[in-house]
Amino acid sequence: MKKLLLSFAAMFMAMQAAAQKAELVYDLRVGETCCQTINTVVESEAAAQGMAITVNMEIIVGISYKVIADNGDSYEMEAEYTRMVVDTRNPYASTRIDSDMPDNDFVSKAFAAMTGNPFRMGMSKRGRVLYVGDTDGIVEKVMQEAGELSGSEKDQLEDLIRESFGGEALEGNFRLVHDMFPEGVIFPGHKWGNTVKLNMGFPMEIAAEYEYVGIEDNDYILTALAVADTGPEGIDVVLDGMPGKYIVGGTYVYDIRLDRETCWTSQATIDMSMDVLGLIDMGYGETEMEIKMEAKVYITDK
């Protein structure tokens with residue numbers, strides 16, 4: 001009898017596991033538009049030369065992705081920013097830059113110019129970002145709004161926009177959100193690793209380990225722990241013509257819900273903790289700057 005009960009228990013567990021199996025592949029339709037809103041709340045403290053300042057920020061980015069072609073194992077998409085907000089507060093001042101309020105200031109006008117400008121991207125059905133192209137329209141539209149700036153200021157602005165919103169930067173940002181699907185069929189408890197290369201003004205890698213938890217309601221549930229670490233040697237950078245180095249260490253804890261029909265992210269949160277040590281050669285000696293940052297990222301499909 002005991003063996004029979006054990007057999008039934010094993011069979012039941014196997015049936016439960018089979019019911020929870022998944023293959024994480026995007027299943028989208030040509031002409032369909034998917035959306036994402038990424039809301040990041042940041043608390044940071046920066047210290048340098050014996051002084052410290054606390055800065056709180058809220059960053060909101062809305063993006064739409066229209067599927068324009070299905071290539072069998074990948075999609076061609078037309079993506080665009082739909083909203084951009086940076087709300088900053090420190091003990092001395094507060095500012096709000098908002099693409100929906102272009103008359104507030106020049107940067108809000110620049111954010112408004114970035115929205116509604118489509119660019120192309122290719123994405124495999126397993127979430128690999130294959131390319132991001134045609135981003136020059138974003139740069140050109142912003143520069144059209146920069147008429148009151150001097151020539152050198154325009155050059156600096158164009159370099160900043162290309163560095164932050166050019167194809168290479170956008171590829172890294174989109175990989176962080178989409179590049180997480182393993183190959184083949186998986187069952188609850190399955191774990192896999194993935195490394196994403198980012199451009200944060202300097203090259204950076206984030207190594208993550210994901211775990212498939214199971215099915216809840218109409219969603220696949222994933223968790224992940226990621227680590228960003230340059231090592232003690234850091235990364236060489238140049239800031240305003242001055243050579244320096246960033247030493248970065250941090251962790252990301254993910255809770256992710258994927259729509260069971262499309263595998264599009266319906267909801268996700270990321271708890272981020274980051275320490276950055278900057279060593280800058282000012283010409284008269286090395287200056288040390290330390291930034292400690294805690295952030296909560298909320299992602300929805302709205």
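Before any of the text, the structure's been laid out above.
K.L.:
Could you give me a rundown of empty space enclosed by the protein, with the residues and numbers involved?
P.N.:
In the structure shown here, the tally under the stated rule is one cavity of 30 Å³ or more. In this structure, the largest cavity occupies an estimated 30 Å³ of space. In terms of lining residues, the largest cavity is bounded by Arg 175, Leu 176, Asp 179, Val 196, Ile 206, Ala 208, Tyr 210, Ala 226 and Tyr 254. The set of elements that each furnish at least two residues to the lining of the largest cavity consists of α5 (167-178) and β8 (203-216). Here the element with the most residues in the lining of the largest cavity is β8; it accounts for three residues. Residues belonging to the lining of the largest cavity are distributed by class as follows: seven nonpolar, no polar and two charged.

K.L.:
Provide a residue-level description of the pairing of strand β3 (residues 74-89), including the pertinent values.
P.N.:
Note on strand geometry: in a regular strand, side chains alternate between the two faces of the sheet. Bridge count between strand β2 (residues 51-70) and β3: 14 bridges; the pairing is antiparallel. Note on β3: the bridge partner recorded for Met 57 is Thr 88. As consecutive antiparallel partners, β2 and β3 are separated by three residues, and within that stretch Gly 72 has a phi angle of approximately 95 degrees, a positive value. The pairing of β3 with strand β5 (residues 119-124) spans six bridges and is antiparallel. Residue Glu 76 lies in a different strand from β5, and its bridge partner there is Gly 122.

K.L.:
Please set out helix α2 (residues 106-114) residue by residue, giving values where relevant.
P.N.:
Among the residues of α2, those classed as buried are Ser 108, Ala 110, Phe 111, Ala 113 and Met 114. Close packing links the buried residues of α2 with β3, β4 (94-98), α3 (136-144) and α4 (151-165). A distance of 3.1 Å separates the backbone nitrogen of Val 107 from a side-chain oxygen at the start of α2, and that oxygen is part of Asp 105. Where α2 terminates, the next one or two residues include Gly 116, which has phi positive at roughly 75 degrees.

Cut-offs and rules
- Residues numbered from 1 in each chain as written.
- Predicted model: local features only at pLDDT ≥ 70, side-chain atom pairs only at ≥ 80, totals over all residues.
- Heavy atoms only, no water.
- 1 Å grid on protein atoms, 1.4 Å probe; cavity = no way out; pocket = protein on both sides within 12 Å on 5 of 7 lines; lining within 4 Å.
- Points joined across faces, edges and corners; volume = space filled by probe spheres on them.
- Helix = DSSP H or I, 4+ residues; strand = E, 2+ residues; numbered from the N terminus.
- Nonpolar A, V, L, I, M, F, W, Y, C, P; charged D, E, K, R; others polar.
- Pairing = 2+ DSSP bridges.
- Buried < 20%, exposed > 50% of the residue type's maximum accessible area, 1.4 Å probe, protein only.
- Contact = heavy atoms within 4.5 Å.
- Polar contact = N/O pair within 3.5 Å; in protein donor to acceptor, adjacent residues only side chain to side chain.

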